[in-house]
Amino acid sequence: MDAMDLSELRVEPVAREMEPRFNELMDRHHYLGAGSKIGESIWYAGDFGDGDWVALAAFSAASLKCAARDDWIGWGMRIQYGRLHLIANNVRMLLLGRRANLGSRFLSLCERRIAADWRTKYHHDLLLLETFVDPSRFTGAVYRAANWVEVGATRGYRRRGDGYVGGSSPKLVLLRPLDPRARSMLTAPRLAPEHMHGVPKKKLSIDELASILDFFKGIDDPRGRRGRRYRLETLLSMCAAATLCGAHGWKAIYEWVQDQSPAVLSHFRCRKVDGEYDRPSIYCIRNIMTTVDPGQLSEATTAFCRSIGWDMDSDAIAVDGKTNRGSAGDDGRQTHVLGACAHGTGTPIAQKDCAE
């Protein structure tokens, strides 16, 4: 077929019963293999009406962090974690036919329908697409031909568990806004209702935020009396606030704290050193959160949620548990954590540690 036949190219989401065929082709022809779905995902296949696939693409959840992308958007940690659902990552693309301009045409057709497909499936909009291209294998010409913009390169880190490790080759970062106002929408002080996702967020006043400290005052301090640089309630309150803002993991909490203004730090009653508010290190945050009594912390958090009107009496309760790695004692018994939360709001109800 020549280039003119591309007008007949058809793009459709891959039906569930066709996913094994999609994976088999990816495993056979793509250098990364099929991979797995990451969060919210939609797969596309292109053909000329005969069911013979000539192009495949997989779009999944956005990368948690990407400095080049984040700099291009211009957002900060205080808002980005609550807005990543507005970005999708083109994690795989495979061209099975050798036709001029097939790749750029296929990408353009995916872009035309992905926002509507995403809204139908996940009930929120998409504003931006991203992809990472290995420059040792590809130039990214197909994406540029489809009007994607190169904004930089990754730093050679990849996710492993709850953190990042080096050793990976840097990738080119290319972006494609689905709306010409994508950057201003992603950095807006408040998201439009159609861009929100999940349970509506509870808005907290300064007084409500500051009241968190009062609920943590009764928790037993696991630290020794010497060398305490921060109040226990200050540390726990900042960790709780960071988590409410979407931070997950010690590094994300630490970075959230570093990003706060002196006015916010004063509400958390941080101490001053040489006239400036002292911010706790990541090690201080990690140590206090791994040694504080989880039962007391759960009770205090639940009490705070009740005080600001979060529904704790949901008809459905979600229960989950895990075994902590490296928690085996001298007797070989490991610690298990069982938690319960309101299914509709995600509000914590209780958490309990138990040994095997």
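That block above? That's the structure.
Predicted model only: the values in this text are computed from it and were never measured.

Before going further, it helps to spend a moment on the packing of helix H10 (residues 250–258) against helix H12 (residues 282–291). Between two packed helices, both the angle of their axes relative to each other and the distance between the axes serve to describe the pair. Relative orientation of the contacting elements H10 and H12 amounts to 125°, with a least axis distance of 9 Å. When the interaxial angle is binned, H10 and H12 end up oblique. Here H10 runs over H12; the crossing is right-handed. Between H10 and H12, the residues in contact are Trp250, Lys251, Ile253, Tyr254 and Val257 and Ile282, Ile285, Arg286, Met289 and Thr290, respectively. Tallied by class, residues from the contact of H10 with H12 come to 7 nonpolar, 1 polar and 2 charged.

With that settled, consider the pattern of salt bridges. Inspection of the entire model under this criterion finds 17 salt bridges. Note that Asp221 and Arg223 form a salt bridge whose closest N and O atoms lie 2.8 Å from each other. When its relative accessible area of 24% is taken as the criterion, Asp221 is described as partly exposed. One network of salt bridges, in which partners are shared, links Glu12, Arg113 and Asp117.

Taken together, the side chains of Tyr31, Leu32 and Phe138 make up a nonpolar region of the molecular surface, amounting to roughly 290 Å² of accessible area. Here Phe138 shows up in the loop between strand E5 (128–133) and helix H5 (141–145). Classification of Phe138 by relative accessible area gives partly exposed; the value is 44%.

Basis of the calculations
- Residues numbered from 1 in each chain as written.
- Predicted model: local features only at pLDDT ≥ 70, side-chain atom pairs only at ≥ 80, totals over all residues.
- Heavy atoms only, no water.
- Axes fitted to C-alpha atoms, helices over the stretch in contact; angles between N-to-C directions.
- Helix = DSSP H or I, 4+ residues; strand = E, 2+ residues; numbered from the N terminus.
- Parallel < 35°, antiparallel > 145°, perpendicular 65-115°, else oblique.
- Left-handed = near helix turned anticlockwise from the far one by under 90°.
- Contact = heavy atoms within 4.5 Å.
- Nonpolar A, V, L, I, M, F, W, Y, C, P; charged D, E, K, R; others polar.
- Salt bridge = Lys/Arg side-chain N within 4 Å of Asp/Glu carboxyl O.
- Buried < 20%, exposed > 50% of the residue type's maximum accessible area, 1.4 Å probe, protein only.
- Patch = residues over 30% accessible without salt bridge, like charges linked within 9 Å, V, L, I, M, F, W, Y side chains within 5 Å.
- Areas by Shrake-Rupley, 256 points an atom, 1.4 Å probe, with all protein chains shown as cover.

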